[in-house]
Amino acid sequence: MQIRPISALVTTAISLVAWIMLRPTGGLLIYMALSLSALFLVQGKNRARSAATFFRWTVPFVLPLLLIHGVVNANYPARTWIVDLIPWRPEGFRFGFGISLNLLLFSTIGAYWLTVSRDDVTDDLVRWRLPGWAVLFLSQGIAMAALLERRIESVYLAQRARGIPVGPGILARLRAFPSVLLPAVVSTLVEADSRVPALVSRGFGSTRLASPPDRRRTAADWVFIVLPLGQLSVAAIFDALQ
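Visitor: Looking at this model, I keep getting lost on the overall build of the protein chain. Mind explaining?
Guide: Assigned secondary structure in the protein chain consists of eight helices and two strands. For the protein chain, the N- to C-terminal ordering of α and β elements is α-α-α-β-β-α-α-α-α-α. Looking at the protein chain as a whole, 33% of its 242 residues are labelled buried. Taking contacts inside the protein chain between residues at least 6 apart in sequence as the whole, the part at least 24 apart equals 68%.

In structure tokens, the structure reads:
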């Protein structure tokens, strides 16, 4: 199931409100858990793959934050020692957990937008009567993000075929990430220069974009507009009761 752009936009706005007003180790954790559960429930057969992709791209950043601040960072006192060798710093762990939760929240927002059809986004931008350059900027930004993700995976496969250690382990992928990201970004920017003449040759910008017919909102669309408000209410109540 695909989420409509207006539903993703409402979720983004309410998630930012939750990020501002809720405590990281309280209501914000509940809100993020509810948001992720709702997102994965609508994925159907793609649920397992979506969950695996989400955690594959977030865990490599979250675990180092928890280990660095919970074990290594000497700015926080060691309250106890694990097997008399490893210091345990609960204040640092809570700090790292707060940062990790913020990262996971913004990753959740991004995951919502990944379920939105690019064509639906472009149609809605035109319906909102935005200028042509704004429609182009936003729609091409979404297209380039998807293209960049595919190119990163292609570069990973190409590097592995040449015998360069880029995986499959998480640490190996993390060490290789800069060398993989750079060629993917450079090739995407080089190609972007040829996109403008291609769009102009097809008549983009020569006339006002025609607004497509409105699509009737389904019950599922309304659920994903109202659901974030319910999640925020539950998280706020949990926060108040703590």
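Visitor: What's the story with the nonpolar core in this structure? I'm lost.
Guide: Leu22 and Tyr31 are the most contacted members of the largest nonpolar core, which totals 30 residues. Of all the secondary-structure elements, those providing two or more residues to this core are helix H1 (5-21), helix H2 (27-41), helix H3 (47-72), helix H4 (90-114), helix H5 (118-127) and helix H8 (219-241). A per-element tally of this core places H2 first, with seven residues.

Visitor: Help me understand the packing of aromatic side chains, please; the structure alone is not making it clear to me.
Guide: The geometry of an aromatic ring pair is captured by the separation of the ring centres together with the interplanar angle, meaning the angle of the planes. Under the criterion given, the structure shown has four aromatic pairs. Ring geometry for Trp19 and Phe106: centres 5.4 Å apart, planes at 70°, overall edge-to-face. Here Trp19 is found in helix H1, whereas its partner Phe106 is found in helix H4, with 87 residues between them in sequence. The class for Trp19 is partly exposed, based on a relative accessible area of 37%. By way of ring pairs, the aromatic residues Trp88, Phe93 and Phe97 are connected into one cluster.

Visitor: Please explain H1 as it appears in this structure.
Guide: What sets the pattern is the α-helix's 3.6 residues per turn: residues three or four places apart point alike. Compared with the 24 Å implied by 1.5 Å per residue over 17 residues, the 24 Å span of H1 between its first and last C-alpha is a close match. When H1 is considered as a whole, its buried residues turn out to be Pro5, Ser7, Ala8, Thr11, Thr12, Ile14, Ser15 and Ala18.

Visitor: Please explain the pattern of salt bridges as it appears in this structure.
Guide: When charged atoms on two side chains of opposite charge get close, those side chains can pair. Overall, the coordinates contain two salt bridges when judged by the stated rule. Residue Asp239 pairs with Arg23 through a salt bridge whose shortest N-O separation is 3.3 Å. Taken together, the residues Asp239 in helix H8 and Arg23 in the loop between H1 and H2 connect sequence positions 216 residues apart. The class for Asp239 is buried, based on a relative accessible area of 13%. The salt bridge involving Arg79 is made with Glu91; its shortest N-O contact spans 2.8 Å. With Arg79 in the loop between H3 and strand S1 (80-82) and Glu91 in helix H4, the pair connects residues that are twelve residues apart, well separated along the chain. A relative accessible area of 55% means that Arg79 is categorised as exposed.

Visitor: What am I meant to see in the confidence of the model for the protein chain here?
Guide: Mean pLDDT for the protein chain: 78, with 80% of residues reaching 70 or above. When pLDDT is averaged over each element of the protein chain, strand S2 (residues 86-88) comes out on top at 90 and helix H7 (residues 170-201) at the bottom at 69.

Visitor: What am I meant to see in the environment of Ser100 here?
Guide: Looking at the secondary structure, you find Ser100 in helix H4. A relative accessible area of 2% places Ser100 in the buried class. C-alpha separation for the pair Ser100 and Val59, spaced 41 residues apart in sequence, amounts to 9.3 Å. For Ser100, the contacting residues outside a window of four places in its chain are Val62, Leu65 and Leu66.

Visitor: I keep staring at the side chain of Ser15 and nothing clicks. Help me out?
Guide: Along the chain, Ser15 falls in helix H1. The exposure class of Ser15 is buried, given its relative accessible area of 3%. Only 2.7 Å separates the side chain of Ser15 from the backbone oxygen of Thr11, close enough to count as a polar contact. Excluding residues within four positions of it along the chain, Ser15 makes contact with Tyr31, Leu105 and Ile109.

Visitor: When you look at unusual backbone geometry in this model, what are you seeing that I'm missing?
Guide: For residues that are not glycine, phi is negative in most cases, and the peptide bond is trans in most cases. At Val83, a residue that is not glycine, the phi angle is positive and equals roughly 45°. Of note in the backbone geometry, Asp84 takes a positive phi value of approximately 60° without being a glycine.

Visitor: Got a minute to help me understand the packing of H1 against H4 in this structure?
Guide: When two helices pack together, their arrangement is given by the angle between the helix axes and the distance between those axes. Where H1 meets H4, the axes come as close as 9 Å, and the angle between the chain directions of the two elements is 170°. Considered as vectors, H1 and H4 are oriented roughly antiparallel to each other. In this structure, H1 uses Pro5, Ala8, Leu9, Thr11, Thr12, Ser15, Leu16 and Trp19 to contact H4, whose residues at the interface are Asn102, Leu105, Phe106, Ile109, Tyr112 and Trp113.

Rules and cut-offs
Residues numbered from 1 in each chain as written. Predicted model: local features only at pLDDT ≥ 70, side-chain atom pairs only at ≥ 80, totals over all residues. Heavy atoms only, no water. Helix = DSSP H or I, 4+ residues; strand = E, 2+ residues; numbered from the N terminus. Buried < 20%, exposed > 50% of the residue type's maximum accessible area, 1.4 Å probe, protein only. Contact = heavy atoms within 4.5 Å. Core = buried A, V, L, I, M, F, W, Y, C linked by side-chain atoms within 4.5 Å. Phe/Tyr/Trp six-rings, centres within 6.5 Å; stacked < 30°, edge-to-face > 60°. Expected span 1.5 Å × (residues − 1). Salt bridge = Lys/Arg side-chain N within 4 Å of Asp/Glu carboxyl O. pLDDT = per-residue confidence, 0-100. Polar contact = N/O pair within 3.5 Å; in protein donor to acceptor, adjacent residues only side chain to side chain. Axes fitted to C-alpha atoms, helices over the stretch in contact; angles between N-to-C directions. Parallel < 35°, antiparallel > 145°, perpendicular 65-115°, else oblique.

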